[in-house]
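Below, each chain spelled out in residue letters.
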Amino acid sequence: MIPDQLTNGQFSTVYNILSLATAALLFTAIYMLAAQPRVLPRYRHAVLVGAIVCGIAAFFYFQVLDSFRAAFVSNGEGTYTQVPGASFNEAYRYVDWLLTVPLLLVELVIVLAFVKELQTSLLRRLIPASLLMVALGYVGEISDTDLQRHIFGLAASIPFAFIVYVLFIELTRSLEQQPPVVRQTVRRVRLLLFASWGFYPIAYLLPLLDISGADAWVGKQVGYTIADIASKAIYGLLIFKIARLKSFADDPDFARVEIINPASK
């Protein structure tokens, strides 16, 4: 639950991390939109989806930041108190995730250029699981008791584990089909995906650990935000790098033009 009071340091920490995420996501989206011509047409949809993901996330971070500023006011004594009748809207994050988590999976599947049958099979399995994971997590987030939070947190971890398992198996298999120059970057994407997605349940569980009150709430906001930057902005840039490398491997003439005279594209 949102605390009644934050110290100046706690308020500044949340405000600064939300501002950082807004800027990082917004300008990553702009960069990826502008950089689409730097990859072959068959990979541009992946880059476009990455830009859309960052753009959606940036929009909702504007909303989260505005909600946070409205929820607390300085009392002039170095602390911030919750404004009567105002509340920080945590639902903005979950609407963001409901839209962007499936798109993150689409982005990865497109850039790896799986055969059509495998793409369809993966998306039919992964997208419903991702929606279920976010929905169950939100119910747990707004629960009034720790018991309910435990139950829905555990329930949300089941589709999460399923997604991680499917992606690990398919990404591992796909390495042999990827150009040698791409394989290391695909491994990094896999590690980033697992590490950043694994950060969400840690932040989710902070209120259930010995950390409590305002410290737990601030830690949760920082954890969610760092995970969002990693899983959307950094992940999107790695997807763009894979698209570039695969473009070079697929078309030597394209690679020659890009490497020798990148300003021409």
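Notes on the sheet that holds strand β2 (residues 72-74)
Move 1: Read across the open sheet, the 3 strands follow the order β1-β3-β2; overall the sheet is antiparallel. Here the strands that pair on one side only, and so sit at the sheet edges, are β1 (5-7) and β2. For this sheet, the mean angle separating the axes of adjacent strands, direction not counted, is 30°.
Move 2: Pairing of β2 with strand β3 (residues 79-82), which is carried by 3 bridges, proceeds in the antiparallel orientation. Residue pairing in the sheet places F72 in a bridge with Q82 of β3.
Move 3: Helix-sheet contacts for helix α1 (residues 8-34) involve β1, β2 and β3, and the interaxial angle to β1 is about 90°.
Move 4: The strands touched by helix α2 (residues 41-71) are β1, β2 and β3; relative to β2, the strand with the most contacts, the crossing angle is about 50°.

Things to note about the nonpolar core
Move 1: Ranked by size, the top nonpolar core spans 50 residues in total, and within it L108, I163, W197 and Y235 carry the most contacts.
Move 2: Those elements giving two or more residues to this core turn out to be α2, α3 (91-111), α4 (116-141), α5 (146-174), α6 (180-205), α7 (213-250) and α8 (252-260).
Move 3: Once you skip the residues sitting within four places of it in the chain, L108 turns out to touch L167, L171, V189, L193, Y235 and I239.
Move 4: The next biggest cluster of nonpolar side chains, apart from the first, holds 25 residues, and it includes A21, L25, A214 and V222.

Focus on the pairing of β3
Move 1: Pairing geometry for β1 and β3, over 3 bridges, is antiparallel. Considered in β3, the bridge of L6 is made with Y80.
Move 2: Counted between consecutive antiparallel strands, the loop separating β2 from β3 contains 4 residues, among which G76 sits at a positive phi close to 80°.

Describing the confidence of the model for the chain
Move 1: Confidence along the chain averages 87 in pLDDT terms, with 94% of residues attaining 70 or more.
Move 2: Mean pLDDT values for the elements of the chain range from 79 in α6 up to 96 in α1.

Considerations on α1
Given 3.6 residues per turn, any residue in an α-helix points the same way as the ones three and four places further on.
Move 1: Counted at 1.5 Å a residue, the expected span for α1 with its 27 residues is 39 Å, and the 39 Å between its end C-alpha atoms agrees.
Move 2: Among the residues of α1, those classed as buried are Q10, F11, V14, I17, L18, A21, T22, L25, T28, A29 and M32.
Move 3: Those residues of α1 hidden inside the fold are in contact with β1, α2, β2, β3, α3 and α7.

So, how was this worked out
- Residues numbered from 1 in each chain as written.
- Predicted model: local features only at pLDDT ≥ 70, side-chain atom pairs only at ≥ 80, totals over all residues.
- Heavy atoms only, no water.
- Pairing = 2+ DSSP bridges.
- Helix = DSSP H or I, 4+ residues; strand = E, 2+ residues; numbered from the N terminus.
- Axes fitted to C-alpha atoms, helices over the stretch in contact; angles between N-to-C directions.
- Contact = heavy atoms within 4.5 Å.
- Core = buried A, V, L, I, M, F, W, Y, C linked by side-chain atoms within 4.5 Å.
- Buried < 20%, exposed > 50% of the residue type's maximum accessible area, 1.4 Å probe, protein only.
- pLDDT = per-residue confidence, 0-100.
- Expected span 1.5 Å × (residues − 1).

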